[in-house]
Amino acid sequence: QVQLVESGGGLVQAGGSLRLSCAASGRTFSTYIMAWFRQAPGKEREFVAAIITNGGTTYYADSVKGRFTISRDIAKNTLYLQMNSLKPEDTAVYYCAADSVYGRVGMRRSEYGYWGQGTQVTVSS
């Protein structure tokens, strides 16, 4: 089992920045990939970014490419999402996710077996 706990959400004005963190515990050595998803009210949960735990290859949704950066600190078992140039449409609950299936770069909710509880990000215009 892997436990994930997000932090760092909050209220920010458009154009501002936030950094989300996700602390992982448990069988963290078994994870192949970690990711961030988000879910706005009335919408489906959508992929934001992912990183291969060993190696560091990253993947981004087109909507955040160039503005968001995903990274991880293996020694601290922590995943990050640096969000710059935030827009009101980035408002959502942001979730950290992880999975252990080797070689699969999942961009769908169903492809991740471990989830955090979420952290709210609100961007005011």
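Higher on the page you've got the structure.
Criteria and cut-off values
- Residues numbered from 1 in each chain as written.
- Predicted model: local features only at pLDDT ≥ 70, side-chain atom pairs only at ≥ 80, totals over all residues.
- Heavy atoms only, no water.
- Core = buried A, V, L, I, M, F, W, Y, C linked by side-chain atoms within 4.5 Å.
- Buried < 20%, exposed > 50% of the residue type's maximum accessible area, 1.4 Å probe, protein only.
- Helix = DSSP H or I, 4+ residues; strand = E, 2+ residues; numbered from the N terminus.
- Contact = heavy atoms within 4.5 Å.
- Phe/Tyr/Trp six-rings, centres within 6.5 Å; stacked < 30°, edge-to-face > 60°.
- Lys NZ or Arg CZ within 6 Å of the ring centre and 35° of its normal.
- Pairing = 2+ DSSP bridges.

1. Observations concerning the nonpolar core
Move 1: Leu4, Met34, Trp36, Leu81, Met83 and Tyr94 are the most contacted members of the largest nonpolar core, which has 37 residues in total.
Move 2: Residue assignment for this core shows that the elements contributing at least two residues are β1 (2–7), β3 (18–26), β4 (33–39), β5 (46–52), β7 (68–73), β8 (78–83), β9 (92–99) and β11 (119–124).
Move 3: The leading source of residues in this core is β5, at six residues.
Move 4: Here Met83 is in contact with Gly16, Ser17, Leu18, Leu20, Arg67, Phe68, Tyr94 and Val121, once residues within four sequence places are set aside.

2. Comments concerning the packing of aromatic side chains
Move 1: The final tally for this structure, using the stated rule, is six aromatic pairs.
Move 2: Ring geometry for Phe37 versus Tyr112: centroids 5.3 Å apart, planes at 75°, classification edge-to-face. Within this pair, whereas Phe37 is found in strand β4, its partner Tyr112 is found in the loop between β9 and β10 (114–115), the two being separated by 75 residues in sequence.
Move 3: Here Phe37 falls in the buried class, since its relative accessible area comes to 0%.
Move 4: Exposure remark for Tyr112: the relative accessible area of 5% places this residue in the buried category.
Move 5: Cluster of aromatic residues (ring-pair linked, three or more members): Phe37, Phe47, Tyr95, Tyr112 and Trp115.
Move 6: Positioned over the ring face of Tyr95 is Arg45, at 3.6 Å from the centre of the ring.
Move 7: Note that Arg45 overlies the ring of Trp115, its terminal NZ or CZ placed 4.9 Å from the centroid.

3. Looking at the pairing of β8
Move 1: A large share of β8 lies buried, amounting to five of its six residues.
Move 2: In the sheet, β3 pairs with β8 via six bridges, with the strands oriented antiparallel. Considered in β8, the bridge of Cys22 is made with Leu79.
Move 3: Of the strand pairs in this sheet, β7 and β8 are connected by six bridges, and their pairing is antiparallel. Considered in β8, the bridge of Thr69 is made with Gln82.

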